[in-house]
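Read off the chains here:
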Amino acid sequence: MKKLEQLYEGKAKKVFATDEDGVVIVDYKDDATAFNGEKKGTIMGKGVVNNKMSNYVFGLLEKDGVPTHFIKELSDRETAVKKVSIVPLEVIVRNVAAGSFSKRMGVPEGKELLCPILEFSYKNDELGDPFINDDYALALGLATQDEIDTIKKYTRKVNECLKKYFLSAGMKLIDFKIEFGRLPDGTIILADEISPDTCRLWDVKTNEKLDKDRFRRDLGNVEEAYNEVFRRLGLKD
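The rules behind each value
- Residues numbered from 1 in each chain as written.
- Predicted model: local features only at pLDDT ≥ 70, side-chain atom pairs only at ≥ 80, totals over all residues.
- Heavy atoms only, no water.
- Core = buried A, V, L, I, M, F, W, Y, C linked by side-chain atoms within 4.5 Å.
- Buried < 20%, exposed > 50% of the residue type's maximum accessible area, 1.4 Å probe, protein only.
- Helix = DSSP H or I, 4+ residues; strand = E, 2+ residues; numbered from the N terminus.
- Contact = heavy atoms within 4.5 Å.
- Arc of directions from axis to C-beta.
- 1 Å grid on protein atoms, 1.4 Å probe; cavity = no way out; pocket = protein on both sides within 12 Å on 5 of 7 lines; lining within 4 Å.
- Points joined across faces, edges and corners; volume = space filled by probe spheres on them.

J.: Which residues make up the nonpolar core, and what values do they have?
T.: Core analysis: the biggest nonpolar cluster contains 46 residues, and Leu-61, Val-158, Phe-166, Leu-190, Ile-194 and Leu-233 have the highest contact counts within it. Contributing elements (two or more residues each) for this core: strand 4 (31-34), helix 1 (46-63), strand 9 (89-96), helix 4 (145-167), strand 12 (171-182), strand 13 (188-191), strand 14 (199-203) and helix 6 (222-232). Tallying contributions element by element places helix 4 first for this core, with eight residues. Leaving out residues up to four positions away in the same chain, Val-158 has contacts with Leu-61, Val-66, Phe-176, Ile-178, Leu-190 and Ile-194.

J.: Please give an account of helix 6 that cites residues and values.
T.: Taken residue by residue, helix 6 has Val-222, Ala-225, Tyr-226, Val-229 and Phe-230 as its buried positions. The buried residues of helix 6 occupy an angular sector of 140° when projected down its axis, which confines them to one face. Contacts made by the buried residues of helix 6 are with helix 1, strand 12, strand 14 and helix 5 (213-216). Once helix 6 ends, the next one or two residues include Gly-234, with phi positive near 75°.

J.: Which residues make up the layout of surface pockets, and what are the values?
T.: Roughly 170 Å³ of internal volume is contained in the second largest pocket. Around the second largest pocket, the lining comprises 13 residues; the ones closest to its centre are Asn-95, Val-96, Glu-112, Lys-163 and Leu-173. Where the lining of the second largest pocket is concerned, the elements lending two or more residues are strand 9, strand 10 (112-122), helix 4 and strand 12.

Here it is, written out as structure tokens:
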């Protein structure tokens, strides 16, 4: 497989064309952003952690019946994935109150929710990724009802699988964000990444934050937290 021209550069990744039809290469960066890009920095080694963790988790989810874009890990930072058209919905699942949800709803951080909450936001940086519901998505043509139903079904399966997986490593899955893409034939599959960038992970015993909140909130030991997640999941050599 030959790496060709760069197609896209986002906050955390670069995407390159390849000489294989329908395949692109994702290159994970150490760049970190928060608050819709208002805060910027670098978390050394983050790209390696996020790449390897995402690939391993996608493999678990594939076995659990959730189709993903993952094809093959090429290096510590690069992975070959299926080329998709991203559905412009960020899908958020909340198991425990935290972050913007706590502020918005006046619920203290750490409060267990009676059931998981599934939220959509419109993937649009200029608008600040506003929260929307199914009717917004349908009315704006962001997704069809069948696509929304499929996304919700897969998302709930992802939540159940990841809660067990992280709990086995001594971490609580507080909340997470995922994205889906369309293959050329319209098939919906899980895309983007699953990492400490996109998941809130707390230590089961101490509630220590082991995720990007350490960067967002200037808590320090950011690299150490990412590496601790990496170590607990058995991915560190």
